[in-house]
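In case you want the letters, here they are:
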Amino acid sequence: MKRYITLFLAVVLAAGIIGCTKTETPGARETVPPGPVSNVKYEADYGGGVLTYTIPNDADFLYVRAEYTIDNGMTISRTSSRYNKNMELTGMNEGPYLVKLYAVDVNGNESEPVEVEVSPLGATVGPISETLSITPGFGLFYINVENEFGTIVDVCVDLWVDNKLVATQTYTTAAEADRMKIDNLKRDTKYTLDVKVRDNRYAYESGTTEFGNYQVLADDTLDMKPLRVIDDPELYGPENWDYTLKINDRNLNKYQGAPKTEVTVLGGKRVQSASYYKFDMFRNAAIRHNEGGVYLFWDGRTDTHFESGDYDKGQGPGWAWCYFIDMGRQVQLSRFRIWQVGGSHFGANSGGCKTFEFWGSNDPNPADGLLSEMNPNKPIESTSRGWVKLGRFTFRIPPTDVDMQKEFEEGSEFYIDEDNPQFSQTFRYWRFVGVSDWPHAPGGREWYSGRLAEIVLMGREVEE
């Protein structure tokens with residue numbers, strides 16, 4: 001019996017020894033700090049600059065930490081890993097600032113700090129403010145600003161008229177290049193704009209830049225009542241239209257006749273009419289649809305709409321399609337506003353219109369047709385019947401549902417040239433081209449016609 005007891009105790013003791021070996025707590029955490037960084041150099045820049053250094057040789061070295069206090073009393077701590085040999089400093093003005101550099105190991109031990117005094121070129125708001133410029137637009141000013149530093153800044157604008165402050169606005173941006181609007185301004189009024197740039201985080205401010213005696217560009221809402229659609233026979237002219245011909249290719253407008261086998265286009269060159277008589281080129285989509293005639297596009301109501309074809313009967317013209325419209329007088333466009341149809345707005349479904357084009361012609365003798373001697377490669381006023389593209393436009397989906405609903409109700413505004421606001425070339429005859437639809441919903445049918453609710457054109461009439 002004693003032999004078995006002795007053997008049992010030996011096993012227990014052995015197990016205890018083995019157990020203690022696996023679970024014993026290691027010795028005290030290593031507390032020896034790494035060596036400091038060395039060979040520190042500084043290159044000044046706006047907002048801070050860059051420190052370069054040599055890291056210590058310690059095997060357990062992990063990163064470098066920089067610590068410094070800026071003008072507003074905030075202490076900033078920045079780190080850079082062992083794989084980098086430099087550190088970017090930010091949040092500074094002109095200084096000087098005392099920067100402490102610590103080498104830190106895997107156990108969190110910090111070296112004695114290496115102190116370096118730095119003097120940046122100034123806060124980033126200084127050079128950012130030097131890029132400010134003002135561009136007059138139609139009923140508004142654009143404030144242009146460039147920001148190569150990526151600093152989050154507030155662009156603060158005071159608007160003055162006759163030495164009286166009439167408005168104060170602030171715009172926040174971090175974009176490399178941005179353009180902000182000051183709208184709802186009065187025409188024939190001289191404005192002075194005081195603009196300064198403020199660092200959104202660190203509160204540094206630039207000096208004030210004054211822009212004096214600026215006026216907005218003036219335009220007017222054009223009267224839409226004189227507009228009428230130009231039927232296809234009139235487009236081609238009597239010499240190019242044969243009333244005895246028949247066409248069966250989706251004759252949406254029930255025209256009698258068709259273009260002759262050949263028509264004179266492109267600077268007098270004779271081409272086959274089949275190559276031109278297409279809905280996306282020189283042929284009207286459905287003009288008088290039962291529920292959505294194209295005249296509803298400018299009837300002054302946003303609760304009606306036109307349809308380029310009868311989708312229910314499969315009589316859409318397909319994409320692209322267009323309309324030819326006589327403005328009734330010569331005009332120049334500046335901007336316009338379009339309302340979409342509910343249910344197909346901003347891609348909620350297909351059957352709307354996503355991308356479209358404006359074309360114009362100032363043909364002085366339309367009686368012989370608006371297509372003869374057409375040369376779209378020449379400016380509109382350099383050839384008697386030239387058509388020129390005034391612009392291609394696309395509805396952009398707003399960032400939020402609230403913004404989307406607001407734009408749907410108020411209409412989407414487009415500019416003939418938003419980068420450089422100006423009037424279009426003079427024209428009387430307008431070609432509206434529906435270029436593409438929104439993608440149809442999963443499982444839904446593709447629409448072969450487009451819909452839009454209302455358009456308002458702005459610009460000015462030109463005396464003939």
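Here's what I pulled together on the structure shown here. In this text, all values refer to a predicted model and were calculated from it rather than measured experimentally.

Thoughts on the pattern of salt bridges
In this structure the tally under the stated criterion is 19 salt bridges. Between arginine 198 and aspartate 154 there is a salt bridge; the shortest N-O distance is 3.4 Å. Of this pair, arginine 198 sits in strand β13 (residues 191-199) while aspartate 154 sits in strand β10 (residues 153-161); the two residues are 44 residues apart in sequence, bridging distant segments of the chain. The exposure class assigned to arginine 198 is partly exposed, which follows from its relative accessible area of 26%. Close ionic contact of arginine 329 with glutamate 461 constitutes a salt bridge, the shortest N to O distance being 3.2 Å. With arginine 329 in strand β22 (residues 321-339) and glutamate 461 in strand β28 (residues 454-461), this residue pair connects regions lying 132 residues apart in the sequence. We classify arginine 329 as buried; its relative accessible area is 10%. Residue classification places glutamate 461 among the exposed positions, given a relative accessible area of 51%. Each of Asp154, Lys196, Arg198 and Glu205 takes part in one network of salt bridges that share partners.

A look at the pairing of strand β2 (residues 48-54)
With six bridges connecting them, strand β1 (residues 38-45) and β2 associate as antiparallel partners. Across the sheet, residue glutamate 43 finds its bridge partner in β2, namely valine 50. Hairpin connection from β1 to β2: two residues lie between these consecutive antiparallel strands, with glycine 47 at a positive phi of about 85°. Relative to strand β5 (residues 86-89), β2 runs antiparallel, the two being bridged by four bridges. Opposite glycine 49, over in β5, you have leucine 89 as the bridge partner.

Rules used throughout
- Residues numbered from 1 in each chain as written.
- Predicted model: local features only at pLDDT ≥ 70, side-chain atom pairs only at ≥ 80, totals over all residues.
- Heavy atoms only, no water.
- Salt bridge = Lys/Arg side-chain N within 4 Å of Asp/Glu carboxyl O.
- Helix = DSSP H or I, 4+ residues; strand = E, 2+ residues; numbered from the N terminus.
- Buried < 20%, exposed > 50% of the residue type's maximum accessible area, 1.4 Å probe, protein only.
- Pairing = 2+ DSSP bridges.

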